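Coordinates in review
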Amino acid sequence: MGHSGSPRRLVLGSTSPYRRELLQRLQWPFEVAAPAVDETPLPGEAPEALARRLALAKARAVAAIHPDALVIGSDQVADLDGQPLSKPGDHARAVAQLRAMRGRTVIFHTALAVVCEATGFEAHDLARIEVRFRPLSDEEIEHYLRAEQPYDCAGSAKAEGLGISLLEAIVSDDPTALIGLPLIRTCQLLRQAGLSLPSATPSASAPAATPAFSSPASGDRL
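So, here's what we can say about the structure. (Residues numbered from 1 in each chain as written. Predicted model: local features only at pLDDT ≥ 70, side-chain atom pairs only at ≥ 80, totals over all residues. Heavy atoms only, no water.)

1. Description of the overall build of the protein chain
A count of helical and extended segments in the protein chain gives five helices and eight strands. The N-to-C order of helical and strand elements in the protein chain reads β-α-β-α-β-β-α-β-β-α-β-α-β. Here the contacts in the protein chain between residues at least 6 apart in sequence split such that 71% fall between residues at least 24 apart. Summed over its atoms, the accessible surface of the protein chain is roughly 10,100 Å², and 53% of this surface lies on carbon and sulfur atoms. (Helix = DSSP H or I, 4+ residues; strand = E, 2+ residues; numbered from the N terminus. Contact = heavy atoms within 4.5 Å. Areas by Shrake-Rupley, 256 points an atom, 1.4 Å probe, with all protein chains shown as cover.)

2. Section: the environment of L197
One can find L197 in the loop between α5 (183–192) and β8 (210–211). It is 6.8 Å that separates the C-alpha atoms of L197 and C187, two residues lying 10 residues apart in sequence. Contact partners of L197, with chain neighbours within four places excluded, come to L26, W28, C187, L190 and R191.

3. Observations concerning the pairing of strand β6 (residues 121–133)
Bridge analysis of strand β5 (residues 105–116) against β6 gives 12 bridges, and the strand direction is antiparallel. In the strand pairing of β6, L112 is matched with D125. Between β5 and the antiparallel strand that follows it, β6, lie four residues; G120 among them carries a positive phi value of about 80 degrees. The sheet contact formed by β6 and strand β7 (residues 167–171) spans four bridges and is antiparallel. When the sheet's bridge partners are listed, E130 is paired in β7 with V171. (Pairing = 2+ DSSP bridges.)

4. A short note on the nonpolar core
Counting 26 residues, the largest nonpolar core has L10, L23, L70, I72, V114 and L190 as the members making the most contacts within it. Mapped onto this core, the elements with two or more residues apiece are β1 (10–12), α1 (17–23), β3 (70–80), β5, β6 and α5. A total of four residues in this core trace back to one element, the largest contributor, which is α5. Formed by 25 residues, the second largest nonpolar core is a distinct cluster that contains A78, A94, M101 and L178. (Core = buried A, V, L, I, M, F, W, Y, C linked by side-chain atoms within 4.5 Å. Buried < 20%, exposed > 50% of the residue type's maximum accessible area, 1.4 Å probe, protein only.)

Shown next as structure tokens:
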């Protein structure tokens, strides 16, 4: 709880529109802040460890600026045979990623952290999603990328859009994790931090997410 027994502010430490849209499902007002975090993997760092480290680093970075708030940080890393797949950034890299993944199972590690400096609360978790890609033809890959241009997505595909047509199966215990924020785990950590969900706050009056401070939107999914 915040001052005078009022609930603490909630801040999403991410400029990702995907995470923002997911968090709005909880019908709790929140702000958005961009974390200033270097996302470069450490030498030899495994994809799961990278996702966990960056989620916590993002939450801590924003919590340092908003110490009285509950801050959510998250990161997603695609894992093909133990090697991380980053956001492709352009068409050629996306083609290369999808060719490498066709007919294969890719693990998406979606890490989550909640931090509140004022109370000393810090907790984190990770959702593991198995995604099986169909044996895609070059023509299917090209058509998909031209149609959806998912160059800001780790793994070069948006499962919530046309990218679902590229897949054979998705295996996960937290259905929103693949999109970028595991909401079941998010609710669990926020309850541990003292935020009651579902809340008694009138959902109809909950405002849309607002920026906590000015910063350039990264446009990424992470």
